[in-house]
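Fold and geometry: a report
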Amino acid sequence: MKAINKIYVNGAFLTPHGTEVLDLISPVTNQKVGEVILGDEVDTQNAVAAAKEAFKTFSKTTREERIAYLEKLRAVVNRRAKDLTDIMVEEYGGTFQFCSMVTQNMLNDISAMIDTLKIFDFERTAGNSKVYLQPVGVVGIIIPWNMSNGFIVTKLSTAIAAGCTAVIKPSEMSVQQTQLMAECFHEAGLPKGVINFVNGLGDVVGAEITRNPDISKIAFTGSTTVGKIIAKGAVDSMKRVTLELGGKSPNIILDDANLEETIPTAIFAAYLNSGQACAAGTRLLVPESKLDEVNAIVKAVVQNIKVGDPKDADTVVGPMVSKKQYERVENYIRIGQEEGATLLAGGEGKPQGLEDGNYVRATVFTNVKNNMRIAQEEIFGPVLCIIPYKDEADAIAIANDTTYGLHAYIFSADKERAYRMASRLDAGRICINGLSHDSKAPFGGFKQSGIGREYGVFGLEEYLEPKAILG
Ligand code: NAD
């Protein structure tokens, strides 16, 4: 049995003041694998106090010192890369394929932040005045369970680059991953209090971070519902917020795209992280005239997708993180059928032989109308909706007809045509002819997918406060 019974505050692993105990459940077996002792408001206040004290000196460090700290962090993460991947697979059932990519991205993200810091302009001129960008203060980092360490690394490396200190609250479903990450950060030897971790529930530790007057900014990744609660609470002390929220990303296949080549990638984009990804391309928009052809290819591809043990290198869809998440996805599969969408692959019930875990069948609905709930609401599981469109204008209208605006994908034989389409989409990131990540390009959402941007110069500016000096 695993026992996660420490939090990390002021450079030390401590027994929390909180006493609430939560069971750790394997998504593969639904058996209890351990327990975590959760932190409480007092633990959070202690962590904030440590971060506030550390900020006094850390905010004055030079660019070179911060680069050196980031390089140390990168070295430790690199050394523990295999362990970091393995614990992701084990704890939330992320596939080995996906989790290996997340670990590599963590390393790339730290390197990219080092590069950004090297060239970043902390002193600028505006009109006749000097503008200095100074670290915003103590940052509260609140994150979800899906690829949680990836989010910690992105946010924390930006905070460090800016000269901010941080209190991190992971999801209660990612405490094992976070424990390992805390060990890495401890080993990297940053000054005491710069980085603090408090495990705990959203309405306890998360709420204290939101309300605590000594936190200057909240960097949040999670659902739009919780993002709104945090934004409302944060305004009382006028905290800065960056919110990375949900998505229902369109993937537009243009009529000149080679379907045999693009459909497998499109399905991979939909089932990213077993469908538990904010950026998953879950609405596949295809030309009406090609719907039958698309259906046939999608069906053939999905039948060959492996749903199963996340440890296996060829598994594309692993278990859902929890029983609750499994039930939520199953419910949407029922709703899709009730709404009159055509079930093309998968459907309700667990795949044969995988009854013990939270496994959902790789599911595809076709003939979906964009106003159906399965096309509008974030399902967060392996459920793809195929939506036919008449022409380019119709495709753009459908793609933008959503409350979200995080990500989009376009496939076309004509790159310029794809760029023209991209200019008309309301989404923070648009991938053309494939899936890619750029650790220096801004990431974030239009509309209810969030506020603010992460990565590179745009991301770093979110952790800084401009101060103009006139005269
Ligand atoms: P969630 O919103 O339920 O929880 C996220 C975090 O917020 C957790 O740490 C949780 O404990 C905390 N929280 C809950 N209630 C809180 C409160 N009242 N005050 C403060 N904190 C509180 O999300 P989840 O289920 O863990 O993750 C899935 C969601 O995250 C999906 O909607 C997904 O789209 C989104 N997500 C977005 C991105 C992105 O970059 N845009 C990336 C990954 C996940």
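See the structure above.
Presented here is a report on the structure given in the accompanying data block. Note that the structure is predicted; figures quoted are calculated from it, not measured. (Residues numbered from 1 in each chain as written. Predicted model: local features only at pLDDT ≥ 70, side-chain atom pairs only at ≥ 80, totals over all residues. Heavy atoms only, no water.)

Below, the discussion takes up the packing of helix H3 (residues 81-92) against helix H6 (residues 175-188). Between H3 and H6, the least distance of the axes is 8 Å, while the angle of their chain directions is 160°. By the angle between their directions, the pair H3 and H6 is classed as roughly antiparallel. Our pair here, H3 against H6, has a crossing hand that is right-handed. Contact residues: Asp83, Leu84, Ile87, Met88, Glu90, Glu91 and Tyr92 in H3; Val175, Gln176, Gln177, Leu180, Met181 and Cys184 in H6. Its residues placed into classes, the contact of H3 with H6 shows eight nonpolar, two polar and three charged. (Axes fitted to C-alpha atoms, helices over the stretch in contact; angles between N-to-C directions. Helix = DSSP H or I, 4+ residues; strand = E, 2+ residues; numbered from the N terminus. Parallel < 35°, antiparallel > 145°, perpendicular 65-115°, else oblique. Left-handed = near helix turned anticlockwise from the far one by under 90°. Contact = heavy atoms within 4.5 Å. Nonpolar A, V, L, I, M, F, W, Y, C, P; charged D, E, K, R; others polar.)

Looking now at the sheet that holds strand S18 (residues 407-411). Across the sheet, which stays open at both edges, the seven strands sit in the order S15-S16-S17-S14-S13-S18-S19 with mixed pairing between neighbours. The sheet is open, and its two edges are formed by strand S15 (342-345) and strand S19 (429-432), each paired on a single side. Strand-to-strand, the axes of this sheet are offset by a mean angle of 25°, without reference to chain direction. Relative to S18, strand S13 (residues 250-253) is paired through three bridges, and the arrangement is parallel. When the bridges of S18 are listed, isoleucine 252 appears paired with isoleucine 410. Those strands touched by helix H14 (residues 415-422) are S13, S18 and S19, and its axis lies near 165° from that of S19. (Pairing = 2+ DSSP bridges.)

A few words on the site of the ligand. Taken together, 28 residues surround the ligand, and among them Ile143, Lys169, Ser223, Leu245 and Glu378 come closest. The contact in question runs from an oxygen atom of the ligand to an N or O atom on the side chain of serine 223, over 2.6 Å. Note that a nitrogen atom of the ligand is positioned 2.6 Å from one of the backbone N or O atoms of leucine 245. For the ligand, whose unbound accessible area comes to 850 Å², protein coverage reaches 87%. (Near = heavy atom within 4 Å. Polar contact = N/O pair within 3.5 Å; in protein donor to acceptor, adjacent residues only side chain to side chain. Areas by Shrake-Rupley, 256 points an atom, 1.4 Å probe, with all protein chains shown as cover.)

The next thing to look at is the packing of aromatic side chains. Following the criterion strictly, the structure yields eight aromatic pairs and no others. Judged by centre distance (6.3 Å) and plane angle (80°), the ring pair of phenylalanine 443 and tyrosine 455 falls under edge-to-face. Here the residue phenylalanine 443 occupies a position in the loop between S19 and strand S20 (450-451), and tyrosine 455 occupies one in the loop between S20 and helix H15 (456-461), the gap between them amounting to 12 residues. For the residue pair phenylalanine 443 and tyrosine 455, the accessibility class agrees, reading buried in each case. Within the aromatic cluster, the residues linked to one another by ring pairs are Tyr8, Phe13, Phe185 and Phe197. Sitting over the ring of tyrosine 326, lysine 350 keeps its end group 4.9 Å from the ring centre. (Phe/Tyr/Trp six-rings, centres within 6.5 Å; stacked < 30°, edge-to-face > 60°. Buried < 20%, exposed > 50% of the residue type's maximum accessible area, 1.4 Å probe, protein only. Lys NZ or Arg CZ within 6 Å of the ring centre and 35° of its normal.)

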